[in-house]
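Close look at the chain arrangement
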Amino acid sequence: MGQNPLVSIIIPTYNRKQELTRLIESIKQSDYPKESIETIVVDDASTDGTFDAIKKGFPDVKVIRNIKRRLTSGARNVGIECSKGDYLFFVDHDNIIDRKAISNLVNFMIRNKNVGLAGPIMHYYSVPEEIWCAGGKLRRPLCITTHISQHKTAE
């Protein structure tokens, strides 16, 4: 891992080309070095032209098309198999990311070697001052996340 570790951003999607385009545009605005970002879209057998639109509009994005639907977790697994990153960043197609999100998360992971998983604070798109999620705890044995903070106004 070099000074700027490679981050593989894995985006599963199904019939959401407009939302996906908005997300990819936000990734391109990231302050993290572009040569250290690998964006992987896994089109889960969309029928709305998502695959062609992303392939044409974003030639630097790796686009994988599932012939048969594998749903979100299956699509993420396909993305993992094709990734080369030192870190994996999972994001859903209906999100946008803050320009400092990748840098902040990578810096956190570098400073905290004992941590295996980190995520950003997430806000509502339509009400950006409201926090949708700010962390979670894993509940064993199923590893289902519990959100620590939902529907709280940011201070």
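Residues numbered from 1 in each chain as written. Predicted model: local features only at pLDDT ≥ 70, side-chain atom pairs only at ≥ 80, totals over all residues. Heavy atoms only, no water.

1. Focus: unusual backbone geometry
- At asparagine 15, a residue that is not glycine, the phi angle is positive and equals roughly 55°.
- Assignment of secondary structure puts asparagine 15 in the loop between β1 (7-13) and α1 (17-28).
- Assessed through its relative accessible area of 18%, asparagine 15 is described here as buried.
- The phi torsion at leucine 71 lies on the positive side, around 65°, for a residue other than glycine.
- Position of leucine 71 among the secondary structure elements: in helix α3 (residues 71-82).
- On the basis of relative accessibility, which here comes to 52%, the residue leucine 71 falls in the exposed class. (Helix = DSSP H or I, 4+ residues; strand = E, 2+ residues; numbered from the N terminus. Buried < 20%, exposed > 50% of the residue type's maximum accessible area, 1.4 Å probe, protein only.)

2. Overview of α3
- With twelve residues, α3 should reach 16 Å at 1.5 Å per residue; the first-to-last C-alpha distance of 17 Å fits that figure.
- Looking only at α3, the buried set comprises Gly74, Ala75, Val78 and Gly79. Taken down its axis, α3 places every buried residue within 145° of arc, on the same side.
- The elements touched by buried residues of α3 are β1, β2 (37-43) and β3 (62-65). (Expected span 1.5 Å × (residues − 1). Arc of directions from axis to C-beta. Contact = heavy atoms within 4.5 Å.)

3. Thoughts on the pattern of salt bridges
- The tally for this structure, following the rule as stated, stands at five salt bridges.
- With a shortest N-O distance of 3.4 Å, arginine 69 and aspartate 44 are connected by a salt bridge. Of this pair, arginine 69 sits in the loop between β3 and α3 while aspartate 44 is found in the loop between β2 and α2 (50-57), placing the two residues 25 residues apart along the sequence.
- The salt bridge involving arginine 76 is made with aspartate 92; its shortest N-O contact spans 2.7 Å. Of this pair, arginine 76 sits in helix α3 while aspartate 92 is found in the loop between β4 (87-90) and α4 (101-111), placing the two residues 16 residues apart along the sequence. (Salt bridge = Lys/Arg side-chain N within 4 Å of Asp/Glu carboxyl O.)

4. Some details on the side chain of aspartate 43
- Looking at the secondary structure, you find aspartate 43 in strand β2.
- Overall, aspartate 43 belongs to the buried group, its relative accessible area being 0%.
- Each residue touching aspartate 43, except ones within four places of it in the same chain, is listed here: Thr13, Thr50, Phe51, Ile64, Arg65 and Asn66.

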